[in-house]
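If you want the building blocks of each chain, they are given just below.
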Amino acid sequence: MTEPQPYAPDPSKGVMIVDWPLFGELARALAVRVAREWAPELVIGIATAGVVPGAAVAAILDLPFHSILVSRRYSASPVRDTPAVFGAAPLEVRGKRVLVVDETCDSGQTMRLAVAAVGNGGAQEVRTAVSFKTGSFAPDYFALATQSMIVLPWDREILIDGELRPNPKYAGLIPDV
């Protein structure tokens, strides 16, 4: 019997398929929004899915980039009800204004853990940013608010038997490519 996945996306609210050009525009919009209001010194992406938008935002802002792993799935079977932090925040956060970036944010559990880890690492100030605000948690910055389930461009197709194929976890939700 398969264990239920406690925070699985809800396709009943719609499915938003994000292609690479849209992802790029959202990363640019997010970086510009941050830069207009604040001057971070370092960007931390929450691994795994927050690393891609975090690295893009860091590149656009011309800032150093690091990551931190916060996950419900890493080293877990079944999937945890709550996320856990694996490892410490990079030493480079000490005394810096740090922007913590993830791809989506629903309940805020993952983001709160990452912010706490960065704060415990000695950051001077920590703010949050996401590509997609999908729930009740209010990050400091977001590119787009939606209730839809998000299908990211780097997750839509995966290597199966050496070939790029539609990700089976989206079977029936998105058209085959």
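Treat the numbers as computed from the prediction; the structure is a model and nothing was measured.

1. What to know about the packing of helix α1 (residues 20-37) against helix α2 (residues 51-61)
Then, number 1: One can describe the packing of α1 onto α2 by two numbers: an axis separation of 9 Å at closest approach and a directional angle of 55 degrees. Classified by the angle between their axes, α1 and α2 sit oblique to one another. The element α1 and its partner α2 pack so that their crossing is right-handed. Facing α1, whose interface residues are Phe23, Ala27, Arg28, Leu30, Ala31, Val34 and Ala35, α2 presents Val52, Pro53, Ala56, Val57, Ile60 and Leu61.
Then, number 2: Looking at the contact of α1 with α2 residue by residue, the class counts come to 12 nonpolar, no polar and one charged.

2. Notes on the nonpolar core
Then, number 1: Judged by nonpolar contacts, the single largest core of 23 residues is most densely connected at Leu99, Phe132 and Tyr141.
Then, number 2: Those elements that provide at least two residues to this core are α1, α2, β5 (97-105), β6 (125-133) and β7 (141-145).
Then, number 3: Broken down by element, this core gets its largest block of residues, six residues, from α1.
Then, number 4: One finds Ile46, Ile68, Met111 and Ala114 within the second-largest nonpolar core, a separate group that totals 17 residues.

3. Some words on α1
Then, number 1: Along its 18 residues, α1 runs 26 Å from first to last C-alpha, staying within 8% of the 26 Å computed at 1.5 Å per residue.
Then, number 2: Residues of α1 that are buried: Phe23, Leu26, Ala27, Leu30, Ala31 and Val34. When α1 is viewed along its axis, its buried side chains cluster within an angular range of 135 degrees and face the same direction. For α1, exposure combined with an orientation more than 90 degrees from the buried face picks out Pro21 and Arg36.
Then, number 3: For α1, the secondary structure elements touched by its buried residues are α2, β5, β6, β7 and α4 (153-156).
Then, number 4: Between the side-chain oxygen at the start of α1 and the backbone nitrogen of Leu22 there is a gap of 2.9 Å, and the oxygen is on Asp19.

4. Focus on the pattern of salt bridges
Then, number 1: One pass over the full model with this rule turns up five salt bridges.
Then, number 2: The salt bridge involving Glu41 is made with Arg97; its shortest N-O contact spans 3.7 Å. Residue Glu41 is located in the loop between α1 and β2 (42-47), and its partner Arg97 is located in strand β5; the two are separated by 56 residues in the primary sequence.
Then, number 3: Overall, Glu41 belongs to the partly exposed group, its relative accessible area being 28%.
Then, number 4: Given a relative accessible area of 23%, Arg97 falls into the partly exposed group.
Then, number 5: When the shortest N-O distance is used, the salt bridge between Arg165 and Glu163 registers 3.7 Å.
Then, number 6: Judged by its relative accessible area of 34%, Arg165 is partly exposed.

5. Here we look at unusual backbone geometry
Then, number 1: In this model, Ala47 is joined to Thr48 through a cis peptide bond whose omega is 20 degrees.
Then, number 2: Within the secondary structure, Thr48 sits in the loop between β2 and α2.
Then, number 3: Of note, Asp62 is a non-glycine position whose phi angle comes to about 55 degrees, a positive value.
Then, number 4: For Asp62, the location among the structural elements is in the loop between α2 and β3 (65-71).
Then, number 5: Residue classification places Asp62 among the exposed positions, given a relative accessible area of 69%.

Rules behind the numbers
- Residues numbered from 1 in each chain as written.
- Predicted model: local features only at pLDDT ≥ 70, side-chain atom pairs only at ≥ 80, totals over all residues.
- Heavy atoms only, no water.
- Axes fitted to C-alpha atoms, helices over the stretch in contact; angles between N-to-C directions.
- Helix = DSSP H or I, 4+ residues; strand = E, 2+ residues; numbered from the N terminus.
- Parallel < 35°, antiparallel > 145°, perpendicular 65-115°, else oblique.
- Left-handed = near helix turned anticlockwise from the far one by under 90°.
- Contact = heavy atoms within 4.5 Å.
- Nonpolar A, V, L, I, M, F, W, Y, C, P; charged D, E, K, R; others polar.
- Core = buried A, V, L, I, M, F, W, Y, C linked by side-chain atoms within 4.5 Å.
- Buried < 20%, exposed > 50% of the residue type's maximum accessible area, 1.4 Å probe, protein only.
- Expected span 1.5 Å × (residues − 1).
- Arc of directions from axis to C-beta.
- Polar contact = N/O pair within 3.5 Å; in protein donor to acceptor, adjacent residues only side chain to side chain.
- Salt bridge = Lys/Arg side-chain N within 4 Å of Asp/Glu carboxyl O.

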